[in-house]
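# Residue-level structure breakdown
Take a look at the letters that make up each chain.
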Amino acid sequence: ITFGSFNNYNKINENVIEAWVNILKKLPGSKLLLKSSSKKENDKFQDLLREQNLEKSVVFLPTAKFFKDHINLYKNIDIALDTFPWNGVTTSFEAIWMGVPVITMKGNNFNSRCGESINKNIQMDQLIAENKDDYIMKTLDLAKDIKKLSYIRDQIFYKALQSPLFDSKKFSYEFYNLIKNI
């Protein structure tokens, strides 16, 4: 299984790293692809990976020069791992657009509820974790159930298209009417 997170490196904190290390240790042979639009020193994370004997399990990808190259990198990911408490928004939409499910965690404010909101709107509540332990468990369960993972990957794009999040015509119509009424 190849996991991925293209969220900004500034969103990766010790709790996120701990969860990801736990997941990688419990799934020998799995990989985690990381890419960010921001530059950040990864020394602390890389030191921890070396300590855990996982340095070969995590690949730090360079920033893609062109959007097409960036979006095509999602084809290498089976499951996207959201950061917490600062969820991805654009990266979650990109992953879903490319048919990649996103495991996220519930939060307690607007910034930490974006992943939950996105998954709820595309009827993927089973990908929303209550806490860090649940995040790890949901990730491991999905990674080990290839049939379920394949089914979700086949359905997620179409569920997104049917959701209010991807209905640009309805949004445009409602937005136009709001402006017109003002």
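These notes cover the structure that comes with them. (Residues numbered from 1 in each chain as written. Predicted model: local features only at pLDDT ≥ 70, side-chain atom pairs only at ≥ 80, totals over all residues. Heavy atoms only, no water.)

### Examining unusual backbone geometry
For the bond from Phe84 to Pro85, the omega torsion is 5°, close enough to zero to count as cis. Locating Pro85 in the fold gives a position in the loop between strand S4 (79-81) and helix H4 (90-97). In the Ramachandran plot, Asn53 falls in the positive-phi region, its phi being about 65° despite a non-glycine side chain. For Asn53, the position within the fold is in the loop between helix H2 (43-51) and strand S3 (58-60). Positive phi, close to 60°, is recorded for Gln123, a residue that is not glycine. For Gln123, the location among the structural elements is in the loop between helix H5 (114-121) and strand S6 (128-129). By relative accessible area, Gln123 is classed as exposed at 55%. (Helix = DSSP H or I, 4+ residues; strand = E, 2+ residues; numbered from the N terminus. Buried < 20%, exposed > 50% of the residue type's maximum accessible area, 1.4 Å probe, protein only.)

### Some remarks on the packing of aromatic side chains
Considering all chains together, one arrives at eight aromatic pairs under this definition. Centre to centre, the rings of Phe6 and Tyr74 are 4.7 Å apart; their planes meet at 55°, and the pair counts as tilted. Note that Phe6 is positioned in the loop between strand S1 (2-5) and helix H1 (14-26) and Tyr74 in the loop between helix H3 (67-72) and S4, a separation of 68 residues in sequence. A relative accessible area of 6% means that Phe6 is categorised as buried. Seen from their ring centres, Trp97 and Phe166 are 5.8 Å apart, and the 10° between their planes marks the pair as stacked. Here Trp97 is found in helix H4, whereas its partner Phe166 is found in the loop between helix H7 (146-162) and helix H8 (168-181), with 69 residues between them in sequence. (Phe/Tyr/Trp six-rings, centres within 6.5 Å; stacked < 30°, edge-to-face > 60°.)

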